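# Commentary on secondary and tertiary structure
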Amino acid sequence: MTTSIQNIQAMYAFIERNANLVKRYWGWELVWMIYSIANSLSVSFIGLGMEALTGQEAAIDGSFLVLYLVIGTLVWRYLTTIFYWITEVISIERWEGTIEYTLMAPIRRGVHMAGQTIFATVYGLIFTGVVLIATTLIFDLDLSTANIGGGIVMLIAGSLSFIGISIMVSILPLLFPERGEQMTHIVIAILLLVSGVYYPIEVLPNILQKLGVVSPATYVLNGVREALLDGTATVHLWQYIWPVLIMGVILIPAGLWVFSLAERYAKRNGKLARNG
Amino acid sequence: MKKSNKQNGTTKKVTTQPGTKVERSVKKMDKNAIVVNQVYKKFSKPKAAFTWLIELFKKNTKDDASLNGNGAKEPKEDRKAPTVAVDRVSFTVKEGEIFGVLGPNGSGKSTLIRLMATLLLPDDGSITIMGHDPVKDPITVQQLINRVSVEASFFKKLSPMENLIYGARLYGMNGKEIRKRVVDILTRLGLEKRNIFNPMEEMSRGMQQKVAIARALLSRPRVLLLDEPTTGLDPVSKREVQAVVRELQEQDNTTILLTTHDMNEAEILCDRVAILHKGKLIALDTPEALKQLAPRSNGHLPSLEDVFIHLTGDKLKEEQKEDLEAAQALVKAFAKENEAKEKTTAPAPELN
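To start, this report covers the structure provided alongside it.

Reading guide: rules and limits
Residues numbered from 1 in each chain as written. Chains lettered and ligands numbered in written order. Predicted model: local features only at pLDDT ≥ 70, side-chain atom pairs only at ≥ 80, totals over all residues. Helix = DSSP H or I, 4+ residues; strand = E, 2+ residues; numbered from the N terminus. Rg over C-alpha atoms; globule rule 2.2 N^0.38 Å. Buried ≥ 20, exposed ≤ 12 C-beta atoms within 10 Å, placed from the backbone. Contact = placed C-beta atoms within 7 Å. Pairing = 2+ DSSP bridges. Axes fitted to C-alpha atoms, helices over the stretch in contact; angles between N-to-C directions. Parallel < 35°, antiparallel > 145°, perpendicular 65-115°, else oblique. Left-handed = near helix turned anticlockwise from the far one by under 90°. Expected span 1.5 Å × (residues − 1). Core = buried A, V, L, I, M, F, W, Y, C linked by C-beta atoms within 7 Å.

Let's shift gears to the overall build of chain A. Regarding its fold elements, chain A presents 11 helices and zero strands. Moving toward the C terminus, one meets the helices and strands of chain A in the order α-α-α-α-α-α-α-α-α-α-α. Here the C-alpha radius of gyration of chain A, 20 Å, is about what a compact globule of 276 residues would show, namely 19 Å. In terms of overall dimensions, chain A has C-alpha extents of about 65 × 40 × 40 Å along its principal axes. Taken over 276 residues, chain A has a buried fraction of 44%. Counted over contacts in chain A with a minimum sequence separation of 6, partners at least 24 positions apart contribute 80%.

Written out as structure tokens, the structure is:
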């Protein structure tokens, strides 16, 4: 069997395994789905709440605000889904006790991560799609002028850079078996703060705005909002697409390299077998 | 038939019957499958959070010492000293051989297996598996080996079929081929067909261990590392697993490295047995030759268990003696301290 077919088989092993896990843990999936929908709706209702709170229905465009927030919650849900599926590549296996069997299999770490990433992206799209459907049933969203295709292109381009960040962050559970998983939440919390998920980054203090410039989520959110709110043509989204593509091209190989160093460290210090 | 067996500079005459495992192995074994050369592995103790702050505080308050039995100060045992798990161990395993590694808990057996399985990197020395170095060429080694550990590690919600398909795909096998082999191997190991599709968490420990063995056999490894594979199995399951191990050697010429606490298992399965104690190799020979190392009791040839206790028990006794002496010294020191306190404290007033 050629190496490329073996690599495809191995990649598919992770996709199939994760799909089986989702199927077997369907109860958890349902809970997570309900939580995500409720969360998305709660944030989006702030748009309508602003009208009622200020009493300035004429000055505040509630529908625009709702769509602005819906886009924020959906893009963020998609990016965090990818983030957690990748960063949990080690913690899931350590929890189940299978980590040594996966890491002693004759596969390159790039193939391992590719399988995990493909699943994360497909799962993220389906999950976010369901949240979107539930949101549109509640809110009367006007997408008549939206460039939905452009929004999807922006989302997929942004996935690459997020995949790179996620691979880098996934070393934390490898290096710190007891606390590594909790550390990953810090990274996502900072990205949420500085990327303008629910507000334009211009409202942030200077130092946080500078951090926002290096967060790929900032570009993804700006691009998707322009496509859906203003109907900006895909070609004009290039200003947001190229920075996230460059980030992806740099961060994915860098992430794999950092992961290989961390794996070596874990094997040197016997950190694979320990349960966190 | 007489066979001269030379290990660790000692030569022993071992009598074997035609068709026994020793004769069988002599015929098959000519190439080295595993070479372990002066392997050394130590682990540092994990540091608690803010250790540096605690240490700084300690240095500024009192000296890090305690009283010995004579009241003199002696340094405390360095609790952060690394644990030497494998200490300059060397041996070779021939292709097609069943090689046993015996040792008490914490003797370094599992560490040795993890080093061979590319899950740990040695601090010194080298290992080769079929001529390949697990450190320099891990992928090639991983293609040649598989491992069964004492704990059957699986995705508990997934069925044996789902778990084994996942494992086999990582070794480049396709779905159709796997499904048939999974059913074949699991039924051969005595697992009922209906259990193959139920979640692992609904299975007994013994059944889970059989699935773990099936996972290792699926990839048809040339070197199989079995880390206490029959621990926790009932006698019937144990025999079924042992039969599979023997079959693997006889039919596929698989090299098997087996760690076990079961001396009887080592005796009936292994061509040669190494005994590890505190990370050091203290004996290596055929089970028959090892039995010559312990004294005969009532004219009977000692069992492998007698040899094991004879070799590791003496060392344990020495350690226990040291512990006892340390405890006695501590009691003496406390007694002295109490005596001194009683002298300086006034008698308590009576309440009536």
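Counting its regular elements, chain B contains 11 helices and 13 strands. Across chain B, contacts joining residues at least 24 apart in sequence account for 70% of those joining residues at least 6 apart.

For the rest of this paragraph, the subject is the pairing of strand S9 (residues 145–148) of chain B. Regular strands place their side chains on alternate faces of the sheet. Residue and element names in this part refer to chain B. Here S9 shows two buried faces, one formed by Ile 145 and Arg 147 and the other by Asn 146 and Val 148. Pairing of S9 with strand S10 (residues 223–227) involves four bridges; the strand directions are parallel. Bridge pairing in S10 places Asn 146 opposite Leu 224.

Residues and elements named next belong to chain A. With their axes 10 Å apart at the nearest point, helix H3 (residues 62–96) and helix H10 (residues 216–230) run at an angle of 135° to one another. Classified by the interaxial angle, the pair formed by H3 and H10 is oblique. Here H3 and H10 pass one another in a crossing that is right-handed. Facing Leu 67, Tyr 68, Ile 71, Gly 72, Val 75 and Leu 79 of H3, the residues of H10 in contact are Ala 217, Val 220, Leu 221, Val 224, Arg 225, Leu 228 and Leu 229.

Here the focus is helix H1 (residues 3–24) of chain A. Between the first and last C-alpha of H1 of chain A there are 31 Å, a value that for 22 residues agrees with the 32 Å anticipated at 1.5 Å per step. Within H1 of chain A, the full set of buried residues consists of Gln 9, Ala 10, Met 11, Ala 13, Phe 14, Arg 17 and Asn 18 of chain A. Buried-residue contacts for H1 of chain A involve helix H5 (109–138) of chain A together with helix H5 (160–170) of chain B.

This part is about the pairing of strand S7 (residues 98–102) of chain B. Residues and elements named next belong to chain B. Of all the five residues making up S7, five are buried; the element is thus mostly covered by neighbouring parts of the structure. Residues Ile 98, Gly 100 and Leu 102 line one face of S7 and the alternating positions Phe 99 and Val 101 line the opposite face, and both faces are buried. The sheet contact formed by S7 and strand S12 (residues 272–277) spans four bridges and is parallel. Bridged to Gly 100 within S12 is Val 273.

Here we come to the interface of chain A and chain B. Of the residues lining the interface, 26 residues belong to chain A; the matching set on chain B comes to 26 residues. Of all the secondary-structure elements, those providing two or more residues to the side of chain A that touches chain B are H1, helix H4 (99–103) and helix H11 (238–269) of chain A. A per-element tally of the side of chain A that touches chain B places H1 of chain A first, with 10 residues.

Residue and element names in this part refer to chain B. Spatially, three strands are ordered S6-S3-S8 in an open sheet, and the strand pairing comes out antiparallel. Each edge of the open sheet is held by one strand with a lone partner, namely strand S6 (83–94) and strand S8 (124–129). Each strand axis lies, on average, 15° off the axis of its neighbour in the sheet, ignoring direction. Across eight bridges, strand S3 (residues 32–43) lies against S6 in antiparallel orientation. Counted as the bridge partner of Val 39 is Val 89 from S6.

Time to look at the nonpolar core. Counting residues in hydrophobic clusters, the biggest one holds 144 residues, and the most contacted among them are Val 75 and Val 220 of chain A together with Met 116 and Leu 257 of chain B. For this core, the element with the most residues is H3 of chain A, which contributes 18 residues. If we skip the residues at most four places from it in the chain, Val 220 of chain A touches Val 75, Leu 79, Met 154, Leu 155, Gly 158 and Val 244 of chain A.

Bringing the environment of Ser 215 of chain A into the picture now. Residue and element names in this part refer to chain A. Among the secondary structure elements, Ser 215 is positioned in the loop between helix H9 (206–213) and H10. Separated by 129 residues in the primary sequence, Ser 215 and Ile 86 have C-alpha atoms spaced 18 Å apart. Apart from the residues within four sequence positions on either side, Ser 215 is in contact with Leu 191, Val 194 and Ser 195.

On to H10 of chain A. Residues and elements named next belong to chain A. Between its first and last C-alpha, H10 extends 21 Å over 15 residues, near the 21 Å set by a 1.5 Å rise per residue. Of all 15 residues in H10, 12 are buried, a share of seventy percent or more. Residues Pro 216, Ala 217, Thr 218, Tyr 219, Val 220, Leu 221, Gly 223, Val 224, Arg 225, Glu 226, Ala 227 and Leu 228 constitute the buried set of H10. Against the buried residues of H10 lie H3, helix H6 (148–169), helix H8 (180–194), H9 and H11.

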